[in-house]
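Chain and residue survey
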Amino acid sequence: MADDSPARAESVDSSRNVTESPLGTKKRQQDSCALGHSFKRVTLTKPTFCHHCSDFLWGLLGFLCEVCNLMCHEKCLKTLRSLCSSMAPSAVRIPVAHCFGPDTHKRRMCSVCRKHTEGNGALRCEVCELHVHADCAAFTCADCRSCHVDGTRQLDTFHHHWREGNLASAARCQLCRRSCGSSDVLAGMRCEWCGITCHAACYLRVAPQCTLGRLRRMLLHPTCVRLQSRNFSKHHCFRITETGGHELDDNDGVDTSAVASKDGQPATPEHGKQFLKVYDGDEGLRRGHFRLVSFVRATRNQEVLEAALRAFYLPDDPRQFQLQEVGGLERLHSDDVLNRNSSSLKDGGDAWMLRAKRGRPEVIKVYGDVTSPRSDHVSVSVSEDSTAASVLTEALEQLELNKDGVTQFDLQEVLMSSKQVQKQMLTPQQNILAKLHDIRKTSLWQMNQTRFYVAERRSQTVQVSLLIGGMPPLLSKEQYWQLLQEQLSAKSHLADISHVYASQGAVALKLSCFAEAERVFMLAKDVTVNGKSLTSLVIPDIQFSLLGDDVRPLLVFVNTKSGGLKGKDLLYGFRKILNPHQVFDLSNGGPLPGLHTFRDIPSFRVLVCGGDGTVGWVLGVLEALRHQLACREPPVGILPLGTGNDLSRVLRWGPGYSGEDPSHILACVDEADEVLMDRWTILLDAQDLAENCADAFLEAPKIVHMNNYFGVGIDAELSLDFHQAREDDPEKFTSRFHNKGVYVKVGLQKISATRSLHRELQLQVDGRQVALPNIEGLIFLNIPSWGSGADLWGSDADTRYNKQSVDDGLLEVVGVTGVVHMGQVQSGLRSGIRIAQGTYVRIALRKAFPVQVDGEPWLQPPGHIIISAAGPKVRMLRKSKHKHKKSAGGAKDGRPESSASWDGSSESSVSSGGVPL
């Protein structure tokens, strides 16, 4: 672990004249032991800050925890509330595993060692605000947010979920209103549901019940989500892609005392220091996982043993442990460690095993029900004859759970691993003492993470929901079931198709066996049907009857391929603020998983993060599934991540996302107004319309839907060239600025080209033949924005035409004479040539022309094109004109507010019409 602490601390020389009363020393030691800290006085050689109050440490003295590196004033020891990393597992109420992924390059504080995390060696939880070094991740406890109820149990009270440190610089305490954020140290507390922030000394005075804060009306309450996930990791439950570059179990071979460099190699040792390789069990020895323990000349064996325990974040009494030399039974007994380890690790120093002594009195803690947020525990003495049944009997008597003698219980072993919480029922004859010895022999840290619970026996129907996609569309339920039996060997007595989405080529399975669900889930990922890979997703069950009357949860879709890396950052930001079960990555199954999850909710809203093409994709799937949803017309909001973002401009969401705080975005969505918008159906019927040839079909007719505009000619040709350039080299098209530059380059190459569109095209509007002027491009508008915000129709009053609107049921037909004309339109110097306005359009193409629909271009063969209304109007969300009130959101719940205004951001409009994602 790299030594990047804000201040370097050294032990005070024993000859220094420091006076402290024995009573004060004893009181400080008692408080430190209760929190698990091991403080020592240190001399500060660099400016540093207190981790408790975040104030500057004046003078030369401070108190440093040798385990978790917490630094504080002497006066702050009296009010210290932060637990040491070694005691963190004991404070977990409901163990929930983390979902680790690579962290960004932003400067954060590690929640384990309290040092800065920077570079590629940092990890973050995709669900909660936990940042750690890669080599510290193995020592985190399973204290992630509980975003669903695993099974059918009810939570009696929903409490705050506090996370220490990494607050915004403008964060203020909910109680004293003073600043509590810091970028220098891990200080301050934040509730990861409602967002309120407090000092470490104040948060215990806050009422324990959480109200979910400003975004309560759009948040999917965790108690309303049911998910039986015994055999699935949290990555599977939240549809999060697991990264193979960070194996948490392979990163603990580095010393916590900062004697190793960032690449895992030991740094240059200080003069007179030696090192020991220490393993905490057989598992670490087998996998080659060790910690480096440093010591100076003539260090006593007791001090080395204490340092080894600190390296593994073990809070136990050092007298209960011993060091054994690897490869033999010889114990470390000499007071002069230097004689036992005369060479450094670089020269092949000794390796030692940290073992627990046998023969000590064993006392285990047995907790109440694992699903209860207030799991009281009792202490039970364990002897050589103790079995799971005897321990359970004594625990039930102390917990007073066996009064009637009817209800049956089991003793459950729970491993609170940071990767996955593992549960196992112990048999009544299981010897508990032998069980404890086996766990300690495997790993002492694993023993620190192991709990025993009293679990009530109850008959529970297993019901796991899987969504299987990627199959051929438009098949019957019987055909889909036959396909599943052939490809996945699905068992009819364990699985059943509950929903069929024929238009999407997907089905929802209900499975009554965990093992069968896991087998089908894993096998589907390796199966291809007609050259297309199947997709499998774990889907939760939403108890919509438990939602409040005023709650309309928000369904969030994020296209991570839009907007460069901003899509991935937004996906993480929304998962952190909302319930991850309401945030979906469109690259993982498209919009169907989200709509299937929300299918029974009577009222909800949708937020689409992407370009105009992404919005059209979601609206198309929503239209296809409308009759299978309880809320048939959910209003749709937009967070623009594309290049043109014309629809988002019309609905006041701005020209593009520029880093606004996600909580501010959600507050604006909550206050947005609902408006109606027309959608249009385009029938493309390719035929040979040459005069000397009879009509002959070239390809089957196809139907597409249009939201923004449809173009034929020069603007579609530019979009097609851009699309082909992006397909050839997609990694270069990660920013709107670069995309617009490519459009300019393509447009300059088309200035001198002539196409004579008006000679090869016939136009009918509402059954009336329309004569075309000398134009090179024909554009049909549904919204008053084209080509990244240009006003193509114009604002001049004309008695022949109505004012342009998104819900008037009319299409505006506009022509452009060429690239120069298009550039003048986008510069605001001219508008297009108004040709017609109507509700039904028919076009006859005599030869192939480039066409584009909402930025998606292709080459259309000659034939007929018919544009008509696409049934009912869609409901969209338009951003409210009034500014978001900070007092109602950010200041109240402690979430930071962005001062940037969406409508105030400017962007040069150089792109042509039809901007892709």
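Residues numbered from 1 in each chain as written. Predicted model: local features only at pLDDT ≥ 70, side-chain atom pairs only at ≥ 80, totals over all residues. Heavy atoms only, no water.

Every α-helical turn comprises 3.6 residues, leaving residues that sit three or four positions apart pointing alike. Of the positions making up helix H18 (residues 819-826), those classed as buried are Val819, His821, Met822, Val825 and Gln826. What you see down the axis of H18 is that its buried residues fit within an arc of 160°, all on one side. Phi for Gly828, located one or two positions after H18, is positive at around 80°. (Buried < 20%, exposed > 50% of the residue type's maximum accessible area, 1.4 Å probe, protein only. Helix = DSSP H or I, 4+ residues; strand = E, 2+ residues; numbered from the N terminus. Arc of directions from axis to C-beta.)

This paragraph deals with the sheet that holds strand S9 (residues 131-133). Strand order in the open sheet formed by three strands is S5-S8-S9, with antiparallel pairing between adjacent strands. Lying at the two open borders of the sheet, with one neighbouring strand each, are strand S5 (100-102) and S9. Neighbour-to-neighbour, the strand axes of this sheet turn through a mean angle of 40°, independent of strand direction. The sheet contact formed by strand S8 (residues 122-125) and S9 spans three bridges and is antiparallel. Across the sheet, residue Leu123 finds its bridge partner in S9, namely Val132. (Pairing = 2+ DSSP bridges. Axes fitted to C-alpha atoms, helices over the stretch in contact; angles between N-to-C directions.)

Two quantities define a packed helix pair, namely the angle between the axes and the distance from one axis to the other. Contact geometry for helix H11 (residues 566-577) and helix H15 (residues 662-670): axes closest at 9 Å, N-to-C directions at 70°. When the axes of H11 and H15 are compared, the pair comes out roughly perpendicular. Residue-level contacts link Gly573, Phe574 and Ile577 of H11 to Pro662, Ser663, Ile665 and Leu666 of H15. Here the residues of the contact of H11 with H15 sort into five nonpolar, two polar and no charged. (Parallel < 35°, antiparallel > 145°, perpendicular 65-115°, else oblique. Contact = heavy atoms within 4.5 Å. Nonpolar A, V, L, I, M, F, W, Y, C, P; charged D, E, K, R; others polar.)

A separate point is H11. Between its first and last C-alpha, H11 extends 16 Å over twelve residues, near the 16 Å set by a 1.5 Å rise per residue. Burial analysis of H11 places nine of its twelve residues in the buried class, which makes it a mostly covered element. (Expected span 1.5 Å × (residues − 1).)

Our next topic: the packing of aromatic side chains. With the rule as written, the count across this model stands at 13 aromatic pairs. With centroids separated by 5.2 Å and ring planes inclined at 80°, the aromatic side chains of Phe232 and Phe521 adopt a geometry described as edge-to-face. Linking Phe232 in the loop between strand S13 (225-226) and helix H2 (234-237) with Phe521 in helix H10 (residues 514-524), this pair joins segments that are 289 residues apart in sequence. We classify Phe232 as buried; its relative accessible area is 2%. Accessibility expressed as a relative area gives 3% for Phe521, which makes it buried. Cluster of aromatic residues (ring-pair linked, three or more members): Phe139, Phe312, Tyr313 and Trp445. Its end group placed over the ring of Tyr572, Arg124 keeps NZ or CZ at 3.7 Å from the ring centre. (Phe/Tyr/Trp six-rings, centres within 6.5 Å; stacked < 30°, edge-to-face > 60°. Lys NZ or Arg CZ within 6 Å of the ring centre and 35° of its normal.)

This brings us to the state of the cysteines. A full pass over the atoms with the stated rule returns zero disulfides. Here Cys136 stays free of any disulfide, with the sulfur of Cys113 as its closest cysteine sulfur at 3.8 Å. Lacking any disulfide linkage, Cys237 is separated from the closest cysteine sulfur, that of Cys99, by 7.9 Å. Looking at Cys237, the relative accessible area reads 0%, which means it is buried. (Disulfide = S-S within 2.5 Å.)

Our next topic: the pairing of strand S15 (residues 291-296). Here S15 lies mainly inside the structure; five of its six residues are buried. As defined by bridge partners, strand S14 (residues 273-279) adjoins S15 across six bridges and the pair is classed as antiparallel. If you follow Phe275 over to S15, its bridge partner there is Ser294.

Before going further, it helps to examine the nonpolar core. Ranked by internal contacts, the top residues of the largest apolar core, which has 137 residues, are Leu354, Val556, Phe574, Leu607, Leu666 and Met876. Of the residues forming this core, the biggest block, six residues, is contributed by helix H4 (residues 301-311). Once residues within four sequence positions are removed from consideration, Leu354 is found in contact with Val278, Tyr279, Asp280, Leu305, Ala308, Leu309, Phe312, Leu314, Phe321, Gln322, Leu323 and Leu444. Membership of the second largest hydrophobic core comes to 28 residues, among which are Trp680, Leu761, Leu763 and Val765. (Core = buried A, V, L, I, M, F, W, Y, C linked by side-chain atoms within 4.5 Å.)

Turning our attention to the environment of Gly327. Along the chain, Gly327 turns up in the loop between strand S16 (321-325) and helix H5 (337-340). Sequence spacing of Gly327 and Ala351 is 24 residues, and the spatial spacing of their C-alpha atoms is 8.8 Å.

Bringing the side chain of Asp678 into the picture now. In this fold, Asp678 is placed in the loop between strand S34 (673-677) and strand S35 (680-686). According to the relative accessible area criterion, Asp678 is buried, its value standing at 5%. Excluding residues within four positions of it along the chain, Asp678 makes contact with Asn707, Asn782, Val806, Asp807, Asp808, Gly809, Leu810 and Lys873.

With that settled, the discussion passes to the pattern of salt bridges. Taken as a whole, this structure holds 28 salt bridges when the rule is applied. Across the salt bridge formed by Arg41 and Glu74, the nearest N and O atoms sit 3.6 Å from each other. Of this pair, Arg41 sits in strand S2 (residues 39-44) while Glu74 sits in the loop between strand S4 (71-72) and S5, placing them 33 residues apart in sequence. According to the relative accessible area criterion, Glu74 is partly exposed, its value standing at 41%. Between Arg300 and Glu303 there is a salt bridge; the shortest N-O distance is 3.3 Å. For Arg300, a relative accessible area of 47% gives the class partly exposed. What makes Glu303 partly exposed here is its relative accessible area of 36%. Linked through salt bridges whose partners overlap, the residues forming this network are Arg214, Arg217, Asp670 and Glu671. (Salt bridge = Lys/Arg side-chain N within 4 Å of Asp/Glu carboxyl O.)

Turning to the side chain of His235, a few remarks are in order. Here His235 lies in helix H2. Look at His235 and you get buried, because its relative accessible area is 10%. Within the structure, His235 has its side chain in polar contact with the backbone oxygen of Phe100 (distance 3.3 Å). When sequence neighbours within four positions are dropped, the list of residues in contact with His235 reads Cys99, Phe100, Ile240, Thr241 and Glu242. (Polar contact = N/O pair within 3.5 Å; in protein donor to acceptor, adjacent residues only side chain to side chain.)

Its place among the elements puts Arg842 in strand S43 (residues 841-845). For the pair formed by Arg842 and Ile682, sequence separation is 160 residues and the distance between their alpha carbons is 9.7 Å. In this view, Arg842 contacts Gln762, Leu763, Gln764, His864, Ile865 and Ile866; residues no more than four positions away in its chain are not counted.

Looking now at unusual backbone geometry. Phi is positive for Ser489, which is not a glycine, with a value near 55°. Looking at the element boundaries, Ser489 is found in the loop between helix H9 (477-488) and strand S24 (495-501). A relative accessible area of 44% places Ser489 in the partly exposed class. For Asn530, which is not a glycine, the phi torsion comes out positive at approximately 55°.

This part covers the sheet that holds strand S42 (residues 833-838). As summarised here, the arrangement of the six strands in space is S42-S41-S40-S37-S44-S45, forming an open sheet in which the pairing is antiparallel. Across the chains shown, the open sheet's two edge strands, defined by having one partner strand only, are S42 and strand S45 (856-860). Strand-to-strand twist across the sheet, computed as the mean angle between neighbouring axes with direction ignored, equals 20°.

What follows concerns the pairing of strand S20 (residues 409-416). Within S20, eight of the eight residues are buried, leaving the element largely enclosed by the surrounding structure. Burial along S20 is two-sided: Phe409, Leu411, Glu413 and Leu415 facing one way and Asp410, Gln412, Val414 and Met416 facing the other are all buried. Two elements, S20 and strand S22 (residues 450-456), share seven bridges in a ladder whose sense is antiparallel. Residue pairing across strands places Asp410 opposite Ala455, the latter belonging to S22. Sheet analysis places S20 next to strand S21 (residues 421-425), joined by five bridges and oriented antiparallel. The partner of Gln412 across the bridge, within S21, is Met425. In textbook terms, the turn of a hairpin is the stretch between consecutive antiparallel strands, and for S20 and S21 this stretch comprises four residues.

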